[in-house]
Amino acid sequence: MKIENKRYPICPMSPSFHLQSRLIHLLRRNATIFSSQGLLQIQAQLTTTGLLYSDPSSLISLLNLSLSNPATLHLATAIFSHTQASNAPTWPIMVRRLDLDADPFRVFSLFKAIQRARGNYPVCDPYVYASLIKACNKLLATQEGKSVHSYVLRLGLDYNVNVLNSLISFYSCELSLLNYACVLFDKMAERTVVTVNCMISGLVKNKSFDAGLGLFKQALVCSFGLNLKPNHVTLVILVSGCVEYGRFDVGKMLHCYCSKMGLCLVNEVSNALIDLYSKFECMEDASRMFDEIPERDLVSWNTMLAGYALVGNWGRTFFLFKEMRTRMIGFDRVSLISLILAAGSSRDLDMVKMVHGYIKASGTKITLPIGSALINMYSKCGSIEFARKVFVEVHDENIVSWNSMIHAYIECGRDHEALRLFSRIQSRKLKPDEVTMLGLILACRNSGELYHGIDIHSYIDSSSHLNQSIVLHNALIDMYAKCGNMVRAKSVFDKMPRKDVISWTSIIVGYAINGEGEEALVAFRRMEAEKVEPNSITFLGVLAACDHAGLVEEGKSLFDSMREFYNIEPRIEHCGCVVDMHARAGRLEDAYKFVKNMSVEPNAVIWRMLINACRVHGKFNLGLSLIGELPQPKTKRVAEDHVISSNFLAEAGRWDDVLNERSLMTTHRAMKVPGKSSISNLTE
């Protein structure tokens, strides 16, 4: 039955007037105090008094109340449908508010209700479609977003800047759609700074940092109009990109620009710059930036805390936290996690316990992120029992806490216990993710448990959410190689539809550690042929393969190409491979010449290689001169230095010097760590 709306004059002294006044007062209250039942009662009273029909502001206020509280969002559509207010100015507000309240599914249901109410009259408000596109972006609903775009084109709303900005942001959500965003951007007749920011953000997010930086430079020279200048959001996006892609040099130039334009006074920019300097371990610059902020917010303090925790400066972390508390600045879980990380970096169990105690004393609940941080830090301090207690205390049926416990067991060398957790995860019907499986593969690799490794591999292959993971297949190649089974490692590698540089490096290193130097060299040549650029670790693997296979000339050629063609600066490990391959081949003069011309300072390991080679090849005069290059006895040599010297002197027949070396080893209590096999009984 439809209620007819009749407006009657109301006497200011009548009960209805007082009721209406109270209702209007209620509509101005905080949304969080109303339950669903309360809002329904207010709606009933508004209908009874006629306010719902006579006063549009009452309807808007009621809709705003229902939209402002997540617990009452579902009433908005019902209220809208009941009032039949399809021509009122309320529905665009509803759609926009729903989007702002991060309930994208409601946007679609409400839009459908509006369409039904309007019948043959299409919705032509561009802001509604901008909200719909944002909802698609949040839901990663690609097809739905494209459909909305098509509808926008049919309605002729593609002139609207807000709609186009939303579309650029939507198409920038993944790399495969980025070209659509670029086309829209290039064809726009009018651009705002929001447009440029959306495009830069999309490019940075999709690993096109230089292209994003190029747009920033274009904006600086007014390529998009005299009035369009980068704002603080532009700088936050770019500075964050510098952190993500390791572009510290660009970050410092952006800091100069911010200082020149006065953008350092904006907290968001200052916080991004503090994060930049912290991530690159320039804590003096970060501290200077922090001190210059006029009004620091919690993010500023947390960024500094995280920076000091990252560099392992637990003293400054605790001092800064104490200063926060002195200034009556609140803390959150990010602050506490930084404290936990700082305590763990010191490897001091008592300090981690102290932070744990403070968290409990402050009344803070041990949530999943805090619990995971505590588990990780207790394991770093070697206290698996305390880690297990936190795990039980968190008691969250979430795979994240189980992942933390698996990695804690691995950190403490308890690989078999980590593997046993997998059966418990399965019994609880939890869904293992990539982090879970990486931990289990690492446990198999460390323990040499090939049986378990094969089981884990089978589980990954049978799981649709895991079997396409390049990261997991790379880890499987590494595990099989470390367990001595290159047949299975090669099988995993060959079946991978896509291979990255880590895939190629894993198989090359696998061949190297299993003595298959020729195969490693073939894999490296295939990698080059497929235009995959090797990295520093790839070269380390292939040089080690040449070393063990006696491929000296090939190794020298690869070392030269690493520097000259790929512009990779050799590290001490690369130089060690070249020295060892010369030494093994008996080319000691070449090896010694190479060491003298190395771009890095030779360490004791390099000298031990040469001394041992002199012993093997009977070059005693050269070997005796090289012993002097080892750390002197007064500087406390390690056990390996004493052993190599003793063995060489014994071979040279200098028994008095041998006794002296053994005596020094005993005096310094230099103990050599015994080796052990990591291969289980199963190798095939």
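Before reading further, recall that the structure is shown in the block above.
The following paragraphs examine the structure supplied in this document. Predicted model, so just to flag it, every value in this text is computed and none were measured.

## Thoughts on the environment of I568
Relative to the helices and strands, I568 resides in the loop between α33 (552–564) and α34 (572–584). What makes I568 buried here is its relative accessible area of 15%. Considering only alpha carbons, one finds I568 and S536, 32 residues apart in sequence, at a separation of 6.6 Å.

## Some thoughts on the pattern of salt bridges
A side chain with one charge may pair with a side chain of the opposite charge, provided their charged atoms come close. Here the structure, examined in full by the defined rule, presents 20 salt bridges. With a closest N to O distance of 3.3 Å, E417 and R388 form a salt bridge. Taken together, the residues span a long stretch of sequence, with E417 in helix α25 (residues 415–427) and R388 in helix α23 (residues 384–394) at a distance of 29 residues. Judged by relative accessible area, which is 19%, E417 ranks as buried. Classification of R388 by relative accessible area gives partly exposed; the value is 23%. Note that D478 and K482 form a salt bridge whose closest N and O atoms lie 2.6 Å from each other. Note that D478 and K482 are positioned in helix α28 (residues 470–482) at a spacing of 4 residues, about one turn of the helix. Taken together, the salt bridges that share partners define one network made up of E385, R388, R414 and E417.

## A closer look at the packing of aromatic side chains
Aromatic rings considered in pairs are described by the distance between their centres and by the relative angle of their planes. Here the structure, examined in full by the defined rule, presents 21 aromatic pairs. Centroid distance Y378 to F386: 5.4 Å. Interplanar angle 20°. Geometry classified as stacked. Overall, the relative accessible area of 1% leaves Y378 in the buried class. For F386, a relative accessible area of 28% gives the class partly exposed.

## Section: helix α27 (residues 450–462)
With 13 residues, α27 extends 18 Å between its outermost C-alpha atoms, agreeing within 8% with the 18 Å of an ideal straight helix rising 1.5 Å per residue. If you check which residues of α27 are buried, you get L450, G453, I454, I456, H457 and I460. In a view along the axis of α27, the buried residues occupy a sector of 160°, so they form one face of it. Residues of α27 that are exposed and point more than 90 degrees away from the buried face comprise Y451 and S462. Residues of α27 that are buried make contact with α25, α26 (434–447), α28 and α29 (486–495).

## Quick word on the nonpolar core
With 172 residues, the main nonpolar core has M405 and I507 as its most contacted residues. The element contributing the most residues to this core is α28, with 8 residues. Discounting residues that sit within four places of it in the chain, I507 has contacts with I477, M486, A489, K490, F493 and A523. Counting residues in each nonpolar core, the second largest holds 5 residues, with A583, A613, C614 and L622 among its members.

Calculation criteria
- Residues numbered from 1 in each chain as written.
- Predicted model: local features only at pLDDT ≥ 70, side-chain atom pairs only at ≥ 80, totals over all residues.
- Heavy atoms only, no water.
- Helix = DSSP H or I, 4+ residues; strand = E, 2+ residues; numbered from the N terminus.
- Buried < 20%, exposed > 50% of the residue type's maximum accessible area, 1.4 Å probe, protein only.
- Salt bridge = Lys/Arg side-chain N within 4 Å of Asp/Glu carboxyl O.
- Phe/Tyr/Trp six-rings, centres within 6.5 Å; stacked < 30°, edge-to-face > 60°.
- Expected span 1.5 Å × (residues − 1).
- Arc of directions from axis to C-beta.
- Contact = heavy atoms within 4.5 Å.
- Core = buried A, V, L, I, M, F, W, Y, C linked by side-chain atoms within 4.5 Å.

Honestly, it's all geometry; don't read function into it.
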